[in-house]
Amino acid sequence: MLTNLLAIGPELVLTLTVVLVLIADLVIGDRPARRGSLAVLSFAGLAAAAATFFLLPDGGPAAFGGLVSGDGLGVFFRGLFLVAAFFGVAFGALSDEIPVERFGEYAAMLLATTLGMSFLVQSQNLLMILLSLELVSLPSYVLAGFRRGDSRSSEAALKYVLYGAAASGLMLYGFSLLYGMAGTLDLSAIGPALNAKAAGGSVGIRAGIALAALLSLAGFGYKVAAVPFHQWCPDVYEGAPTPVTAFLSVGPKAAGVAALIRFVVIGFGASVATPPAGGLPWPVLLGVLAMATMTLGNLAAIPQDNVKRLLAYSSIAHAGYLLMGIAVGTPDAVQAVAVYLPIYLLMNLGAFLAVMAVRAKTGSETIADYRGLVARSPALSIALAIFLFSLTGLPPLAGFIGKFYLFAAVVKAGTPFFYVLAIVGVLNSVVSLFYYARLVKAMFLEASPDGAPAVLVPVPVGLLLAILAIPTLVLGLWWSPLADLAARAAGIVG
Amino acid sequence: MDLTTNSMLLTWTVFTPAIGLTAILALLALRPLLRLSQQAVDEASRAIGLMASLAAAALGIALWADFDSGTSNLQFIHRFVWMKSWNIEFFIGVDGLSLSMVVLTGVVFLAGAIASLPWWGRLDDHHPHFSKKRVPAYWILFLLLEMGVLGTFASQDFFLFYVFWEVMLLPMYFLIGIWGAPTRKDPDGRTRGGPYAAIKFFLYTLAGSVLMLLALIAVYYASGPATLADGSQAQHTFNLVHLTRQAHDGIFVKAGAILGIPFVHIVFVAMFLGFAIKVPMFPFHTWLPDAHVDAPTPISVILAGILLKTGMYGMFRFNLQIFPTGVVWAAWAIGILGVINIVYGAFVCMAQKDLKKLIAYSSVSHMGFCLLGLAALTPQALTGSVYQMISHGIVSPMLFLLAGVVYDRAHTRDIEGFGGLAQKMPEYTALTGFAFMASLGLPGLAGFVGEVLVFLGAFAAQDGIFRVLVAISALSVIVTAGYYLWTMQRIFLGPFNHRWEHLHDMNWRERLTLYPLAVLTVIMGVWPLPVFDMIRETLNTLLASMPAGIAG
Amino acid sequence: MMDVPVSWYLILAVTLFGIGTVGVLTRRNLLVVLMSLEIMLNGVNLAILAFARHHGDAQGQAAVFIVMAVAAAEVAVGLALAIALFRHEGSVDLDRATRMKG
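Residues numbered from 1 in each chain as written. Chains lettered and ligands numbered in written order. Predicted model: local features only at pLDDT ≥ 70, side-chain atom pairs only at ≥ 80, totals over all residues.

**Let's talk about the overall build of chain C**
Then comes step 1: Helix and strand counts for chain C stand at three helices and zero strands.
Then comes step 2: Put simply, chain C runs from its N terminus to its C terminus through helices and strands in the order α-α-α.
Then comes step 3: Each principal axis of the C-alpha distribution contributes one length, and for chain C these read about 55 × 30 × 25 Å.
Then comes step 4: Residues classed as buried in chain C amount to 36% of the 102 residues present.
Then comes step 5: Within chain C, contacts between residues separated by at least 24 positions form 48% of all contacts whose residues are at least 6 apart in sequence. (Helix = DSSP H or I, 4+ residues; strand = E, 2+ residues; numbered from the N terminus. Buried ≥ 20, exposed ≤ 12 C-beta atoms within 10 Å, placed from the backbone. Contact = placed C-beta atoms within 7 Å.)

**Details of the overall build of chain A**
Then comes step 1: The secondary structure content of chain A amounts to 20 helices and two strands.
Then comes step 2: Taking 2.2 N^0.38 as the reference for a compact globule, 494 residues should give roughly 23 Å; the C-alpha atoms of chain A span a radius of gyration of 22 Å, in line with that estimate.
Then comes step 3: Along the three orthogonal principal directions, the C-alpha set of chain A runs to about 75 × 55 × 40 Å.
Then comes step 4: For chain A, with 494 residues in total, the buried portion stands at 68%.
Then comes step 5: The contacts of chain A with a sequence gap of at least 6 include a subset with a gap of at least 24, amounting to 79%. (Rg over C-alpha atoms; globule rule 2.2 N^0.38 Å.)

**Regarding the nonpolar core**
Then comes step 1: Core analysis: the largest hydrophobic core is formed by 449 residues, its most contacted members being Leu 353 of chain A together with Leu 214 of chain B.
Then comes step 2: Top element by residues in this core is helix α14 (residues 331–362) of chain A. It accounts for 22 residues.
Then comes step 3: Discounting chain neighbours no more than four positions away, the residues touching Leu 353 of chain A are Phe 91, Ala 246, Val 461, Leu 464, Leu 465 and Leu 468 of chain A. (Core = buried A, V, L, I, M, F, W, Y, C linked by C-beta atoms within 7 Å.)

**Side note on the interface of chain C and chain A**
Then comes step 1: With 29 residues of chain C in contact, the opposing surface of chain A contributes 29 residues.
Then comes step 2: Of all the secondary-structure elements, those providing two or more residues to the side of chain C that touches chain A are α1 (6–26), α2 (30–55) and α3 (58–89) of chain C.
Then comes step 3: Here the element with the most residues in the side of chain C that touches chain A is α3 of chain C; it accounts for 14 residues.
Then comes step 4: In terms of residue class, the side of chain C that touches chain A is made up of 21 nonpolar, five polar and three charged. (Nonpolar A, V, L, I, M, F, W, Y, C, P; charged D, E, K, R; others polar.)

**Regarding the confidence of the model for chain C**
Then comes step 1: Averaged over every residue, the pLDDT of chain C is 88; the share at 70 or more is 93%.
Then comes step 2: Listed scores for the predicted complex are pTM 0.93 and ipTM 0.93. (pLDDT = per-residue confidence, 0-100.)

**Regarding the pairing of strand β1 (residues 75–83) of chain B**
Residues in a regular strand project their side chains so that they alternate between the two faces of the sheet.
Residue and element names in this part refer to chain B.
Then comes step 1: Where β1 and strand β2 (residues 88–94) come together, six bridges link them in antiparallel fashion. The residue of β2 that forms the bridge with Arg 79 is Phe 91.
Then comes step 2: Between the end of β1 and the start of β2, which pair antiparallel, lie four residues, with Asn 87 showing a positive phi angle near 55°. (Pairing = 2+ DSSP bridges.)

**Digging into the interface of chain A and chain B**
Then comes step 1: Taken together, the contact pairs 24 residues of chain A with 26 residues of chain B.
Then comes step 2: Breaking the side of chain A that touches chain B down by element, the ones donating at least two residues are α17 (398–413), α18 (416–445) and α20 (480–490) of chain A.
Then comes step 3: Counting residues per element, the side of chain A that touches chain B draws most heavily on α18 of chain A, which supplies 13 residues.
Then comes step 4: Taken together, the residues that form the side of chain A that touches chain B break down as 19 nonpolar, three polar and two charged.

**Some details on the packing of helix α3 (residues 96–115) of chain B against helix α4 (residues 135–154) of chain B**
Residue and element names in this part refer to chain B.
Then comes step 1: It is at 9 Å that the axes of α3 and α4 come closest, and there the two elements cross at 170°. Relative to α4, the element α3 is oriented roughly antiparallel. Both α3 and α4 take part in a crossing whose hand is right-handed. Note on element contacts: α4 touches α3 through Glu 146, Val 149, Leu 150, Phe 153 and Ala 154, opposite Ser 98, Met 101, Val 102, Thr 105 and Phe 109.
Then comes step 2: When grouped by side-chain class, the residues that make up the contact of α3 with α4 number seven nonpolar, two polar and one charged. (Axes fitted to C-alpha atoms, helices over the stretch in contact; angles between N-to-C directions. Parallel < 35°, antiparallel > 145°, perpendicular 65-115°, else oblique. Left-handed = near helix turned anticlockwise from the far one by under 90°.)

**Here we look at the arrangement of the chains**
Then comes step 1: Counting contacts across all two pairs of chains found in contact, the highest total belongs to chains A and C.
Then comes step 2: Chain B makes no contact with chain C; the smallest distance between any of their C-alpha atoms is 25 Å.

**Brief notes about unusual backbone geometry**
The phi torsion of most residues other than glycine is negative, and most of the peptide bonds are trans.
Then comes step 1: Here the amide bond leading from Pro 395 of chain A into Pro 396 of chain A is cis, since omega sits at -5°, within 30 degrees of zero.
Then comes step 2: Mapped onto the fold, Pro 396 of chain A is located in the loop between α16 (378–392) and α17.
Then comes step 3: Backbone torsion omega between Phe 282 of chain B and Pro 283 of chain B reads 0°, so that peptide bond is classified as cis.
Then comes step 4: One can find Pro 283 of chain B in the loop between α9 (263–278) and α10 (287–294).
Then comes step 5: For Asn 87 of chain B, which is not glycine, the phi torsion reads 55° and is therefore positive.
Then comes step 6: For Asn 87 of chain B, the location among the structural elements is in the loop between β1 and β2.
Then comes step 7: The exposure class of Asn 87 of chain B is buried, given the 24 C-beta atoms found within 10 Å.
Then comes step 8: For Leu 377 of chain B, which is not glycine, the phi dihedral falls at a positive 60°.
Then comes step 9: Relative to the assigned elements, Leu 377 of chain B resides in the loop between α13 (355–376) and α14 (379–410).

**Comments concerning helix α13 (residues 307–328) of chain A**
Note that an α-helix has 3.6 residues per turn; residues three or four places apart therefore point the same way.
Then comes step 1: Taking 1.5 Å of rise per residue, 22 residues should cover 32 Å, and α13 of chain A covers 32 Å from first to last C-alpha, within 8% of that figure.
Then comes step 2: Counting buried residues along α13 of chain A, 22 of its 22 residues qualify, which places the element largely inside the surrounding structure. (Expected span 1.5 Å × (residues − 1).)

**Some remarks on the packing of α13 of chain B against helix α17 (residues 465–491) of chain B**
Two numbers describe a pair of packed helices, the interaxial angle and the distance between the axes.
Residues and elements named next belong to chain B.
Then comes step 1: Relative to each other, α13 and α17 sit at 160°, their axes nearing to 12 Å. When the axis of α13 is compared with that of α17, the two are roughly antiparallel. Between α13 and α17 the crossing geometry is left-handed. Note on element contacts: α17 touches α13 through Phe 466, Leu 469, Ser 473, Thr 480, Tyr 483 and Thr 487, opposite Leu 358, Ser 365, Leu 372 and Ala 376.
Then comes step 2: Residues that form the contact of α13 with α17 fall into these classes: six nonpolar, four polar and no charged.

Okay, here's the thing in structure tokens:
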């Protein structure tokens, strides 16, 4: 019993933190130090959760009768989510888009989402996956609609809810079919059972498995914002408060990617190296989805004028690159994904923080209002340029290393389909330069519009920018620690 | 060949600009503390930038002085393991070819640095000079670019090469975009200007680079075991020396086909495209005229003088060194494309009205000679190709500096709009005439040696098609002479256009850059032996790896 | 007593699921959409129960409890947002929620 509890130690601490934050919010009431103390409380909770990682039972057994797995992939991502949550709370505390009196709710919802994400990446049971996915989604819906007075925020949340509920409905139906055919909800048993059925069975059975798998993909695809389940993404990212958008773009996305890896690569055992699992050509299927996702994301970002929408499409494109890695499915590819996501977290959070800072002082999210920013706020412009060029994947920035790992894994796969995928991937990177450079061009190469306000960055924001920018620079030249952590995360595959 | 670290001189050369860059950054950071005025910071940045360029150039010469030209082995090696998980090493070293490029880089950047100093005449309010604009940032980017270029030439590890190669792109984007011409609408209503040229340059070269990235990864996974700098064994390698040896042992010939095309061929093409865009080879050259026209003078100098050579260098170092069979396979294509460069460039020059655009297209034309020389694969042709790279790297900075002279004064580059300037600016006329003659290949000046060697070498090539190509190229030399002489006539000769009454002759800053380059041009024209000595062994080694019977 | 074949339950489940999906995709009234979502999820519940009965596995039945709770939570959030939409637009017609485009 104790082993089981220790295995989910971080999550227990997180739950406690959520409760404490809500209680503290009531107790502190309307005092001025409210936001700060709640933020500190959240940070303390996150730190405590991080500390319990050392208490995790060794060897990563499945806890609670196989519901959750303590393996390397899960541990890696749970750690990553604590980092994402830290930044999410910090951004919310520093932003004027989150009303001060509701900061307690904000922090609680965010931590609850983190809780869901942590369970999602450990889940080995279909029901657990569903439950965790919903625990990620429901607070996210609330967070997206946090600015009640802003109709865009409510609309964003509404679209999020409808889309998300429908997607999880589809996924649930797929799960029910999987359950029906395999007779169990346990992921590690479903894979072999379905493979056996597919090998011996009729066309009907194979079609049934295919249908079930495709429907299940709906849920993961929606969370990751992959084509064709991406349509909620631009509206939600644009309408939600910027700290929420920042968190959504890294947290749930990474959770969805990890869950997809567990579902496809571990559950079905699908990889380019193994024969079709469950009768489905997973590598080709995911590869095609990847190409569609990155191409649509990059092309749709080009005409955007709203920075948050532009970054939304950019994050869709990045989901495409990640899907490329999942399609390959080899340990190298999973390691590549595990290297990419922390770097992506840094870059994306940094970019959104800069957008948040500009919005705070100018009230605008359009590219036109970024013109001449280098004269009004040089440090901010340079930081944002670093994040944008890193997102493009230019050496010697960290984003290049992430892309390098992914492309190397794809090229190593060695089949004609994957060579084509690699070429599509690199060409997409070039296309992405076009719209990232639009923002850089506005900031550096154009003059400020008349009467544009100076954008003074408050010290805490500047500090966070530095905390995000420095690793982006350093990891581009020296990334061994990250690579080692990622290798351990990928160790369970294959 | 012993690949252990044996000298720090090259490392100092490559990273001297970085030291200058850091110094300027420190200056900017300490500015509030030291209460420095903008003027003081600007002057200090210029001084630091100038000193760093001077130091890099001097170190380059020092490398040359210490260079042993009797061997093609790498010298001034500095090597240590950088990222063990990917067997990436920080491995720099030079052979004759790299050294020639390193020295050229030092010289060209020094000329560019001097040309970046403020305009000494009276400044016109309508035409603010770029040298007064955001000075510290300019020098930081300038030095970053220099480091990138030096690193590219010195790298002997494929991954390190790629990183330095990409490091060159960002500073160029900002240098052209911020300090170049402002955005304008040309007569057809299209947007043109610095930012447009900058992004075009960035997109084109990045597209080529990412293909090179895929080739890089493919080569890595196809490579065999090698020893790292710390003595440990590695399953694959990025080390160029080891890759060359493995390639000659035939490891890539046995590698699996990609998309049904033999490994060697498709990787060769991918790398070639990456470099060809930089050369620039037709039809990927269209970024060059835009970039040159809208870049500030020193940046044009650097672009034409050295950046284009990185493309050719890449072809020598990677395509030729690692995949010699690939060059043989593609020789026809490279030769023909080279000749298209030569002829097309020359003819388009005839139609140009903008002086800088004319010089840009003449660069396209001259780089065609380098391509032709590479394709011919004879000792003379290769020597000519490299010599042309170096001589063009001296002459075209001269040309762009001269264009800058008149632009700084007249604020226009329209050839037709001038006339009879010889009467007002005799010294300038003489220098321009000299530079034009050098560029068209007048015997006794630098351009001749490279061109004639390429012609002789290509003519003697095994494959008869090269004789035809040489004939066509030789005819286009006439066109080259035509457009240069015609341009001279339009700008300098004939009746004096009184619109330019106020122009005055050259000032000392311009003389300081132009005369040394002119002297170098003459020296390279009459005494090519030092350069030949430097590159001979390297080229011999490259040719020795050719399949038998190819090298003439 | 005659045993109802599993397939009948499944057909009913598919039908419910289909009705729900069509409702979500085509209806304009937000409340009707939320109801359709509920129908979708209940269709799935029925399917899970049928399979659970078929395999004789109690896990499926436990799963249905969880799904019902999740569906309730989802619709609660949805209704709260319907109130927000009504406050802004004066109606729960989804066509009015179109401030963001592209």
